[in-house]
Amino acid sequence: MLKIKNLKVNIENKEILKGVILNIKEGEIICIMGPNGSGKSSLASTIMGNQKYRVKSGEIIYKKNIITKTSVNHRASAGIFLAHQNPSEIFGVDLISYLFEIHKGYSKAKNIKALSVFDFNEKVKVYMKDLQIDDEFLQRSLNFGLSGGEKKKIEILQMLILQPELIILDEIDSGLDVDALKLIARVINKYFDAKKAILIITHSKKILSYIKPTRVAIMKDGRIQKSGDSSLVALIEKKGFNNE
Amino acid sequence: MNNVKIKKNIHQIDEVEYSKKFKKGLSKAVVESVSADKKEPQWMLEHRLECLQIFNELELPKWGPTLSDLNLNEIVYYAKTSDAKARKWEDVPVEIKDTFDALGILQAEAKYLSGVGAQFESTVVYHKLKKELEDRGVIFLDLDSALRSHEEIVKKYFMKCISPRLHKFAALHGAVWSGGTFLYVPKGVKIVDPLQAYFRMNSANMGQFEHTLIVVEEGAEAHYIEGCSAPRWGVNSLHAGCVEVYVEKSAHFRYSSVENWSRDAYNLNTKRAIIKKDAHMEWVGGNFGSQVTMLYPCSVLVEPGASADHLGVAFAGRGQNQDTGAKVIHAAPNTSSNVVSKSITRNGGISTYRGEVIILPVARNSISNVKCDAIMLGDNSESNTYPKIKIENNTSSVTHEATAGKLNETDIFYLTSRGINESAARSLILNGFINPIAKELPLEYAVEMNRMVELELIA
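Draft legend 1. The overall build of chain A, seen in detail. When its secondary structure is counted, chain A shows seven helices and twelve strands. Expected size for 244 residues packed as a compact globule is a radius of gyration near 18 Å; at 18 Å, chain A falls within 12% of this value. Expressed as a percentage of its 244 residues, the buried residues of chain A come to 52%. Put simply, of all contacts in chain A between residues at least 6 apart along the chain, 70% involve residues at least 24 apart. For chain A, the exposed area adds up to about 11,500 Å²; of that, 49% sits on carbon and sulfur atoms.

Given below as structure tokens:
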């Protein structure tokens, strides 16, 4: 589904990804672990197309198309979803109108008819119940004044609306207590199937108890240093990132 | 959202015939002719001439945007299309009716307004108030008619709140004022649906000087909206209106305006309210057009428990200087005020918040909160904040908060990562930014504001 070929990326003229090679197939759940500053989140943002990250060389191929130069919104329309580490607060834009906007965008990209406002609201309420999000948030500004955990739930709510195939979870576990983490993991596991792929970016193994990776990779200093099955997690647990 | 049909560009010039149009320039003879044409009482003529004298004495303001390109000798001070004031749109000349129709006024009147006034150049061409409000003693007329039919009330309040000595343009206004609205809401009458007036300045070099006089009696409530526009000519025009509001004991009044003059216009407007015991005044304003705007609605809180809210949003594009703000004078104990000002500046435009909060010694236990937020788009835009605060007792407090910055690229990345294209993302953020003010305006104006953001501000 996703092929990353020798990707080198600069941020503010500093090389931050130094030749990343990564393949993700349908049905895979890949976890990238690594210490802070290793380039994990930069990789997530670069896959999504954030212009702040300048691709110097290498390629990103998604479903056989080179998307290295594709704009962010087109990547999203093609089925890539990034659950942001720090979701933005957008003042004055109420959640329900916003969700309907992105639903309309999704429907247009998929060339299907958008739901009526009524049907859409009903659907959103079902999702919100699964995620235990308070209905009252619908009328509030998007993410505005929400706690870290609430924001993460709103991210997953958007995932359900956008029905993506490649899901990138950038530190989804930060700001979440164990119950909320379990809840989010349950919703993601329910959504996941053999046609989709998940890329988990994390620096702690907490989430891996609830979403089981098929493969674990370790990132350090802008490169994937090591990859293997989930037994790698135990190794990191024992020796830390620096002693492989 | 976009359910308002715009049949033609509002900055397009309308072809109309004039029954009276004065030559350019200002003189005693011009002022006398205006008064004579209106068959005014002697005291009004005398007032006009006194104002003219004050105008000649006073100098241009020494602060704020430069007015050196405004040639007051090149302005036409009076023009009218017809002597008749219609109470039915069918009686309004068709070209003028089409203009107001294109502006959405007829549609809005049919849908939700309590009353409508429409002014074209110097005179009001249409005025209508719902019958049931008329029966309850509400007076909603153009000011020229009110001066004839309700002379005593007009005389009691006219330019008592705004003195011609306030500044040069208040004096000019006093000399050549024409048209505008008179609204009188009797004691205890609560008007639910808003009343609206629309001012259209059509010819080149025109000066429009409408005077709005509003009296809201004890315990009464009303909401009045003004909309303004003018076509683009490429030569300077001048708008120097006055709005005077008297909010009596325990009354509530909201004044909303959306001023979208053409890029040729100087919009030098004066708006002031006197607010009595436990009464509340709200100013909601949007400023888009004009090359230069100088507008600082003022609330004078004269009795205990009086309060005022000022909400304003300004847009400045290339060649525009939006100098706006608020002034609040706390002149009684336990008074409160709240000022929220937002601006969006683009392409080298200048926007300035200029505000003044004065808490007099007598105004014990008073409170004022001021918040100014500015977004600048592009590299060469300018945004300034000049807040003046004067607290003359030690039991009152004033807070001032200001933010200024660019659109946050991280926010744009966030929204685009959900499939929204970049320009829509920018527009969403900007509309969210102005939303606290836009949502206080009637839908048509909110839509117009959203459209402005999309048309004018999204590169």
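Back to the write-up after that little detour.
Draft legend 2. Here's a closer look at the packing of aromatic side chains. The final tally for this structure, using the stated rule, is ten aromatic pairs over all chains. When the centroid spacing of 5.2 Å and the interplanar angle of 55 degrees are considered together, the rings of phenylalanine 100 of chain A and phenylalanine 120 of chain A count as tilted. Of this pair, phenylalanine 100 of chain A sits in helix 3 (residues 95-110) while phenylalanine 120 of chain A sits in helix 4 (residues 117-131); the two residues are 20 residues apart in sequence, bridging distant segments of the chain. An identical accessibility class is assigned to phenylalanine 100 of chain A and phenylalanine 120 of chain A; each is buried. Ring plane angle 45 degrees and centroid distance 5.2 Å describe the contact between phenylalanine 158 of chain B and tryptophan 177 of chain B, whose orientation is recorded as tilted. Taken together, the positions of phenylalanine 158 of chain B in the loop between helix 7 (151-157) and helix 8 (168-176) and tryptophan 177 of chain B in the loop between helix 8 and strand 6 (181-185) put the pair 19 residues apart, joining distant regions of the chain. Look at phenylalanine 158 of chain B and you get buried, because its relative accessible area is 3%. Cluster of aromatic residues (ring-pair linked, three or more members): Phe140, Tyr224, Tyr255 and Trp283 of chain B. Over the ring of tyrosine 191 of chain A we find lysine 196 of chain A, and its NZ or CZ is 4.1 Å from the ring centre. Its end group placed over the ring of tyrosine 414 of chain B, arginine 418 of chain B keeps NZ or CZ at 4.7 Å from the ring centre.

Draft legend 3. Spatial organisation of unusual backbone geometry. All names here are of chain A. Positioned with a positive phi, lysine 63 is a non-glycine residue whose angle comes to about 45 degrees. Position of lysine 63 among the secondary structure elements: in the loop between strand 4 (54-62) and strand 5 (65-66). Among the residues examined, lysine 63 registers a relative accessible area of 37% and is labelled partly exposed. Positioned with a positive phi, glutamine 163 is a non-glycine residue whose angle comes to about 45 degrees. Assessed through its relative accessible area of 31%, glutamine 163 is described here as partly exposed.

Draft legend 4. Just a positive patch on the surface, in detail. Where like charges cluster on the molecular surface, the positive patch consists of Lys3, Lys5, Lys25 and Lys64 of chain A. By secondary structure assignment, the location of lysine 64 of chain A is in the loop between strand 4 and strand 5.

Draft legend 5. Spotlight on the environment of tyrosine 77 of chain B. All names here are of chain B. Topologically, tyrosine 77 is positioned in the loop between helix 2 (42-57) and strand 2 (79-80). By relative accessible area, which is 1% here, tyrosine 77 ends up buried. For the pair tyrosine 77 and phenylalanine 209, spaced 132 residues apart in sequence, the C-alpha to C-alpha distance is 8.2 Å. Once residues lying within four places of it in the same chain are set aside, the contact partners of tyrosine 77 are Gly25, Leu26, Val30, Leu72, Ser122, Leu172, Val176, Met206, Gly207 and Phe209. Of note is the side chain of tyrosine 77, whose polar atom sits 2.8 Å from the backbone oxygen of leucine 72.

Draft legend 6. Spotlight on the domain arrangement of chain B. Residues and elements named next belong to chain B. Domain annotation of chain B identifies domain 1 (17-295) and domain 2 (408-459). Placing the centre of domain 1 and that of domain 2 at their C-alpha centroids yields a distance of 31 Å. Taken together, both faces of the contact between domain 1 and domain 2 bury some 1,200 Å²; the carbon and sulfur share is 59%. Contact with domain 2 buries surface across domain 1, with Val258, Val284 and Phe288 losing the most and accounting together for 37% of the total. Counting every contact that joins domain 1 to domain 2 gives one salt bridge. Among the ionic pairs, glutamate 440 bridges to arginine 254, the shortest N-O distance being 2.7 Å. Where the side of domain 1 that touches domain 2 is concerned, the elements lending two or more residues are helix 4 (105-111), strand 7 (195-200), strand 10 (221-229), strand 13 (252-260) and strand 16 (280-287).

Draft legend 7. Highlighting the nonpolar core. Membership of the largest hydrophobic core comes to 94 residues, with the highest contact counts inside it found for Tyr98, Leu99 and Leu169 of chain A together with Phe100 of chain B. The contacts of tyrosine 98 of chain A, once residues within four sequence positions are left out, are Val93, Leu142 and Gln158 of chain A together with Tyr414, Leu415, Arg418, Ile420 and Leu428 of chain B. Core analysis: the second largest hydrophobic core is formed by 47 residues, Val245, Trp261, Trp283 and Val328 of chain B among them.

Draft legend 8. Focus on helix 8 of chain B. Residue and element names in this part refer to chain B. In terms of residue burial, helix 8 counts as a mostly covered element, since nine of its nine residues are buried. For helix 8, every residue scored as buried is listed here: Lys168, Phe169, Ala170, Ala171, Leu172, His173, Gly174, Ala175 and Val176. In this structure, the buried residues of helix 8 make contact with helix 1 (28-37), helix 2, strand 9 (211-216), strand 11 (237-239), strand 12 (242-247) and strand 14 (265-268).

Draft legend 9. Structural context of the pairing of strand 23 (residues 367-377) of chain B. Residue and element names in this part refer to chain B. Within strand 23, eight of the eleven residues are buried, leaving the element largely enclosed by the surrounding structure. As paired elements, strand 21 (residues 336-346) and strand 23 share eleven bridges and run parallel to each other. For threonine 345, the partnering residue across the bridge sits in strand 23 and is methionine 376. In this structure, strand 23 lies alongside strand 25 (residues 397-405), joined through nine bridges in parallel fashion. Across the sheet, the residue bridging to isoleucine 367 is serine 397, located in strand 25.

Draft legend 10. A look at the environment of isoleucine 60 of chain A. Residues and elements named next belong to chain A. Along the chain, isoleucine 60 turns up in strand 4. Judged by relative accessible area, which is 0%, isoleucine 60 ranks as buried. Once residues within four sequence positions are removed from consideration, isoleucine 60 is found in contact with Leu2, Lys3, Ile4, Leu7, Thr46, Ile47, Asn65, Ile66, Ile67, Thr68 and Arg75.

Cut-off values and rules
- Residues numbered from 1 in each chain as written.
- Chains lettered and ligands numbered in written order.
- Predicted model: local features only at pLDDT ≥ 70, side-chain atom pairs only at ≥ 80, totals over all residues.
- Heavy atoms only, no water.
- Helix = DSSP H or I, 4+ residues; strand = E, 2+ residues; numbered from the N terminus.
- Rg over C-alpha atoms; globule rule 2.2 N^0.38 Å.
- Buried < 20%, exposed > 50% of the residue type's maximum accessible area, 1.4 Å probe, protein only.
- Contact = heavy atoms within 4.5 Å.
- Areas by Shrake-Rupley, 256 points an atom, 1.4 Å probe, with all protein chains shown as cover.
- Phe/Tyr/Trp six-rings, centres within 6.5 Å; stacked < 30°, edge-to-face > 60°.
- Lys NZ or Arg CZ within 6 Å of the ring centre and 35° of its normal.
- Patch = residues over 30% accessible without salt bridge, like charges linked within 9 Å, V, L, I, M, F, W, Y side chains within 5 Å.
- Salt bridge = Lys/Arg side-chain N within 4 Å of Asp/Glu carboxyl O.
- Lys, Arg positive; Asp, Glu negative; His and termini not counted.
- Charge placed at Lys NZ, Arg CZ, Asp CG, Glu CD.
- Polar contact = N/O pair within 3.5 Å; in protein donor to acceptor, adjacent residues only side chain to side chain.
- Domains from an automatic or database assignment.
- Buried area = accessible area lost by both parts, 1.4 Å probe.
- Core = buried A, V, L, I, M, F, W, Y, C linked by side-chain atoms within 4.5 Å.
- Pairing = 2+ DSSP bridges.

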